[in-house]
Amino acid sequence: MTDRFQKQRIRMVDTQIRVRGVSDQRVLTAMEKIPRHLFVDEGLIDQAYNDNPLPIERQQTISQPYIVALMSEALALTGREKVLEIGTGSGYQTAILAELAERVFSIERIAALATGARRVLDVLNDYNVAIRVGDGTYGWREESPFEAIVVTAGAPRIPKLLIEQLAVGGRLVLPVGSRNSQALLKLTRLSEDPEDLKQEDLGGCRFVDLIGEHGWAN
Ligand code: SAM
């Protein structure tokens, strides 16, 4: 999409994302393409390409561009996958995933955010995205298994049901830790045994709470 923000997007990718080591060309291309300014509040449009998260409705946030790129790269998508996202928020990461995978299933607990995200995703013709309102800590069993699952809110522990809904060889990327600080983990399911996992630590981060039955209490 060519618009007056295109130069800012290219600069964002060069100065915030590539320099920090994200090298998956499909991720970089998606980040250069998707108009992040459509996903932020009107009053914050001029900050849409800054190197930080921004507030969205209902005390939630649109994640820092670098974190979106890092999580997307960690999912190792080729374009053929079914992906589950927990925490649609503004829908920005959902739009990036829609570029990188075949189908995206996204769950958001706050209905107003899900409605707002759907509106923007429709403008972008992202018809390979399904959004559901509910508690994403249960996953989306009817559509499982997923080759990739991303959780965009901080969890106190790894939700077991999400591992069960991960395909063998599938990747789960999520922040796990306390309410104030988490480690961004990448878990790869190695076999039919849901406990047979490879775990990698991608670094420290701070997300809003994952609230739900298998997350934090409200
Ligand atoms: N990736 C999003 C973006 O680009 O805008 C940012 C998401 S924001 C950091 C985290 C989102 O997770 C919030 O919108 C919050 O309402 C949602 N959330 C928290 N707990 C949830 C749950 N159990 N199920 C679904 N969504 C949840």
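Definitions and limits used
- Residues numbered from 1 in each chain as written.
- Predicted model: local features only at pLDDT ≥ 70, side-chain atom pairs only at ≥ 80, totals over all residues.
- Heavy atoms only, no water.
- Pairing = 2+ DSSP bridges.
- Helix = DSSP H or I, 4+ residues; strand = E, 2+ residues; numbered from the N terminus.
- Axes fitted to C-alpha atoms, helices over the stretch in contact; angles between N-to-C directions.
- Contact = heavy atoms within 4.5 Å.
- Buried < 20%, exposed > 50% of the residue type's maximum accessible area, 1.4 Å probe, protein only.
- Right-handed = clockwise from strand over helix to strand, strands pointing away.
- 1 Å grid on protein atoms, 1.4 Å probe; cavity = no way out; pocket = protein on both sides within 12 Å on 5 of 7 lines; lining within 4 Å.
- Points joined across faces, edges and corners; volume = space filled by probe spheres on them.
- Nonpolar A, V, L, I, M, F, W, Y, C, P; charged D, E, K, R; others polar.
- Near = heavy atom within 4 Å.
- Polar contact = N/O pair within 3.5 Å; in protein donor to acceptor, adjacent residues only side chain to side chain.
- Areas by Shrake-Rupley, 256 points an atom, 1.4 Å probe, with all protein chains shown as cover.
- Sits in = over half its atoms within 2 Å of the grid points.

1. Description of the sheet that holds strand β3 (residues 82–86)
Read from one edge of the open sheet, seven strands run β5-β4-β3-β6-β7-β8-β9, paired in mixed fashion. The open sheet terminates on both sides in strands that have one partner only, identified here as β5 (129–133) and β9 (197–205). For this sheet, the mean inter-axis angle between neighbouring strands, taken without regard to orientation, is 15°. Across five bridges, strand β4 (residues 103–108) lies against β5 in parallel orientation. Of the residues in β5, the one forming a bridge with V104 is V129. Its contacts with the sheet put helix α3 (residues 65–74) on β6 (146–151), β7 (166–177), β8 (182–189) and β9, and the angle it makes with β7 is roughly 155°. The strands touched by helix α5 (residues 111–123) within the sheet are β4 and β5, with β5 carrying the most contacts at an inclination of about 165°.

2. Observations regarding the pairing of β3
When you tally the buried positions in β3, you get four out of five residues, the bulk of the element. Relative to β4, β3 runs parallel, the two sharing five bridges. Along β4, the bridge assignment pairs L84 with F105. With helix α4 (residues 92–100) bridging β3 and its parallel neighbour β4, the resulting β-α-β unit is right-handed. One ladder, built from four bridges, connects β3 with β6; its direction is parallel. Considered in β6, the bridge of E85 is made with V150.

3. Here we look at the layout of surface pockets
Its boundaries defined by the atoms lining it, the largest pocket holds a volume of some 400 Å³. Lining the largest pocket are 30 residues, and of these G87, G89, E108, T152 and A153 sit closest to its centre. Those elements that place two or more of their residues in the lining of the largest pocket are β2 (60–62), β3, α4 and β4. In terms of residues, the lining of the largest pocket owes the most to one element, β2, which gives three residues. Among the residues making up the lining of the largest pocket, the classes are represented as 12 nonpolar, 13 polar and five charged.

4. Quick word on the site of the ligand
Taken together, 27 residues are adjacent to the ligand, and S90, E108, D135, G136 and I211 come closest. Side-chain polar atom of D135 to a nitrogen atom of the ligand: 3.0 Å apart, as the coordinates give it. Between the ligand and I211 there is a distance of 2.7 Å, counted from a nitrogen atom to a backbone nitrogen or oxygen. Look at the ligand: alone it shows 600 Å² of surface, and the protein chains cover 100% of it. A majority-of-atoms criterion places the ligand in the largest pocket. Of all the secondary-structure elements, those providing two or more residues to the shell around the ligand are β2, α4 and β4. For the shell around the ligand, the element with the most residues is β2, which contributes three residues. Per-class residue counts for the shell around the ligand are 10 nonpolar, 13 polar and four charged.

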